[in-house]
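Descriptive structure summary
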Amino acid sequence: VLIEGLTALDPDDALGVMRSPPGFWSWLVSKDFVRSEVDSDVLLLENFVRGEGYLDARVALQRLDWSEDRSEVAVTMLVEQGPRYTVRSMRFEGVSALTEVELRAVAKVAEGSPWRRPDVARTIRAFRDLYGKHGYVDAEIEPRELYDENEPVLDVVWKVTEGKQKSIRDVIVRGNTNTKDEVIRRYLTVEPGQIVDTSELAWSEDLLVSLDFFTDFGGTPQVRVDTSPTPDPEKVDVVVDVNDEQSGQISFLVGAGSDRGLFAGASLDKRNFDITKVPTSFSTALVEFFGTGEAFHGGGQRLYLNVVPGTETTDLDLTFRDPCLDSSDRTPWGLTTSLYDRTREFSEY
């Protein structure tokens, strides 16, 4: 796929948004010519060029050059770029809770910069994040573009609908079937009565994800921290949704080494362990531990057991960790205890 007339942008970036160009492995698996993909690429390429600020750009399929046996084809696109539009002025409407100086400081576009669509999207996101840090979680930002009839410039008016500042009425935890509420709440950096700060909501979500307690069977994090409206227009609830699946791994190994001899063993790494949550009966212990999660699960602790006996070496490791001995303490103490044993037989020196 060839692109003619595109001089101000990197052709590789343009090819990256299209569907018909052959990929890296095309020399091995080939790439079929599909006319509908080529027609779609005309629109995709035009949208890309206009998104980079060339608002008058036009793209057309110039020609298809077939090989003699018609087994291969070279596709040539023709681009008429036109001028690149820049921002002549920028002002705000509806701003009262923040200052224009604060908004301009986080904007990705400014006077004199190209009017690029990716920068516009980043600016809107930055404005919403800034308002979200001050409790305006419903703030809406919309750019209005005023074009000059004679020059490739535009004036931008950012129309802002701030809404009401929100405070937190309650923090609700859902989906923790077997995990204690206190285990989740200790990692939340928000609490009732505070002004909503969306950056703290994101930070709390990241903390819960980093625990690796709440995932699906494929290992994808299943945690979401968001707000939910209440009857009071100035208050919201913070809702924490988690997927309380099992968070443990058991593995087996068999091996041999020139200095270790033969060895075999198993290791158990149980995250979100609860030493106080014993099985209901001995017969159901394995099911409740590995299946339903009712036994030894949900306390936020960690248990690691590694047993590897061998003909010349034997390893035994047991580690228990409780990061929070007193959940009522604002700055709690944790405890980590490790037991280990190493045995090695030397036949001779």
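Residues numbered from 1 in each chain as written. Predicted model: local features only at pLDDT ≥ 70, side-chain atom pairs only at ≥ 80, totals over all residues. Heavy atoms only, no water.

**Examining the pairing of strand 10 (residues 248–257)**
The line we're drawing: At least two bridges found by DSSP between two strands is the condition for calling them paired. Starting at the N terminus, helices and strands are each numbered in turn, a helix being any DSSP run of H or I of at least four residues and a strand any DSSP run of E of at least two.
Bridge count between strand 10 and strand 11 (residues 261–273): 10 bridges; the pairing is antiparallel. Residue pairing for strand 11: G248 is matched across the bridge by K270. Linking two consecutive strands that pair antiparallel, namely strand 10 and strand 11, is a turn of 3 residues.

**What about the pattern of salt bridges?**
To keep it simple, the criterion reads: Whenever a carboxyl oxygen of Asp or Glu lies within 4 Å of a side-chain nitrogen of Lys or Arg, that contact is scored as a salt bridge. Whether a residue is buried, partly exposed or exposed follows from its accessible area with a 1.4 Å probe, protein chains only, as a fraction of its type maximum: under 20%, in between, or over 50%, in that order.
Following the criterion strictly, the structure yields 27 salt bridges and no others. Across the pair R88 and D148 runs a salt bridge, and its minimum N-O distance is 2.9 Å. Separated by 60 residues along the polypeptide, R88 in strand 4 (residues 86–93) and D148 in the loop between strand 5 (140–147) and strand 6 (153–161) bring together distant segments of the chain. By relative accessible area, R88 is classed as partly exposed at 41%.

**Points about the nonpolar core**
The test is simple: Residues belong to a common nonpolar core when they are buried Ala, Val, Leu, Ile, Met, Phe, Trp, Tyr or Cys residues joined through side-chain atoms within 4.5 Å. Residues are treated as being in contact if the distance between any of their heavy atoms lies within 4.5 Å.
Counting residues in hydrophobic clusters, the biggest one holds 21 residues, and the most contacted among them are M90, L103, W115, F127, Y131, V156 and W158. Every element with two or more residues in this core is listed here: strand 4, helix 5 (117–133) and strand 6. Ranked by the residues each element gives to this core, the list is headed by helix 5, at 5 residues. Sequence-distant contacts of Y131, that is, excluding residues within four places in its chain, are made with V95, A97, L98, L103, Y136, A139, V160 and E162.

**Here we look at the side chain of R116**
Basically, it comes down to this: Polar contact criterion, stated in full: a pair of N or O atoms within 3.5 Å, where within protein one must be able to donate a hydrogen and the other to accept it, and residues adjacent in sequence count only if both atoms are side-chain atoms.
Along the chain, the position of R116 falls in the loop between helix 4 (100–106) and helix 5. A distance of 2.7 Å separates polar atoms of two side chains, one belonging to R116 and the other to E52. Setting aside residues up to four positions removed in sequence, R116 forms contacts with G51, E52, G53, R84 and R122.

**Some remarks on the side chain of R271**
Relative to the helices and strands, R271 resides in strand 11. Accessibility expressed as a relative area gives 17% for R271, which makes it buried. Within the structure, R271 has its side chain in polar contact with the backbone oxygen of D212 (distance 3.4 Å).

**A closer look at a nonpolar patch on the surface**
The condition that has to hold: Each patch is built from residues lacking any salt bridge and having more than 30% relative accessible area; the joining distance is 9 Å for like charges and 5 Å for nonpolar side chains (Val, Leu, Ile, Met, Phe, Trp, Tyr). All accessibility values rest on the Shrake-Rupley procedure with a 1.4 Å probe; residue burial counts only the protein chains present in the view.
The grouping of F24, W25, W27, L28 and V29 at the surface amounts to a nonpolar patch, some 690 Å² of accessible area in total. Relative to the elements of secondary structure, V29 occurs in helix 2 (residues 26–29). By relative accessible area, V29 is classed as exposed at 55%.

**A few points about helix 7 (residues 198–211)**
Rule in force here: In a helix, the anticipated span is given by 1.5 Å times the number of residues less one. The arc under discussion is defined with respect to the helix axis, by the directions toward the C-beta atoms.
The end-to-end C-alpha distance of helix 7 is 21 Å, a good match for the 20 Å that 14 residues give at a rise of 1.5 Å each. Among all positions of helix 7, only L201, S204, L208 and L211 are buried. Down the axis of helix 7, the buried set is contained in an arc of 80°. They therefore lie on one face. Among the structural elements, helix 6 (181–185), strand 8 (223–229), strand 9 (235–242) and strand 11 are those in contact with the buried residues of helix 7. Immediately downstream of helix 7, the backbone of D212 shows phi near 65°, a positive value.

**Thoughts on the pairing of strand 3 (residues 73–80)**
Relative to strand 3, strand 1 (residues 2–4) runs parallel, the two being bridged by 3 bridges. Residue pairing for strand 3: E4 is matched across the bridge by L78. Summarising the sheet, strand 2 (residues 58–66) and strand 3 pair through 8 bridges and their orientation is antiparallel. Residue R58 lies in a different strand from strand 3, and its bridge partner there is E80. In textbook terms, the turn of a hairpin is the stretch between consecutive antiparallel strands, and for strand 2 and strand 3 this stretch comprises 6 residues, one of which, R70, has a positive phi near 60°.

**A closer look at the sheet that holds strand 8**
Worth spelling out the cut-off: Helix axes use the C-alpha atoms of the stretch in contact, all axes being lines fitted to C-alpha atoms, and the angles between their N-to-C directions lie in the range 0 to 180 degrees.
If you trace the 3 strands from one edge of the open sheet to the other, you get 7-9-8, paired in mixed fashion. Each end of this open sheet is capped by a strand with a single partner; those strands are strand 7 (167–174) and strand 8. Here the strands of the sheet are splayed against their neighbours by 20° on average, with no regard to which way each runs. Looking at chain direction, strand 7 and strand 9 are connected through 7 bridges and run parallel. Residue pairing for strand 9: S167 is matched across the bridge by K235. Each of strand 8 and strand 9 is contacted by helix 7, which is oriented at about 150° to strand 8, the strand it contacts most.

**Some points on the packing of aromatic side chains**
Here is the rule: Ring pairs are drawn from Phe, Tyr and Trp, using the six-membered ring of Trp, whenever the two centres fall within 6.5 Å, and their geometry is named by plane angle: stacked under 30 degrees, edge-to-face over 60, tilted for the rest.
The final tally for this structure, using the stated rule, is 9 aromatic pairs. Aromatic pair F33 and W66: ring centres 5.3 Å apart, planes at 75°, arrangement edge-to-face. With F33 in the loop between helix 2 and helix 3 (35–51) and W66 in strand 2, this pair connects stretches of sequence that are 33 residues apart. Overall, F33 belongs to the partly exposed group, its relative accessible area being 34%. On the numbers, 6.3 Å between centres and 55° between planes, the contact of W115 with W158 is tilted. With W115 in the loop between helix 4 and helix 5 and W158 in strand 6, the pair connects residues that are 43 residues apart, well separated along the chain. Overall, W158 belongs to the buried group, its relative accessible area being 0%.

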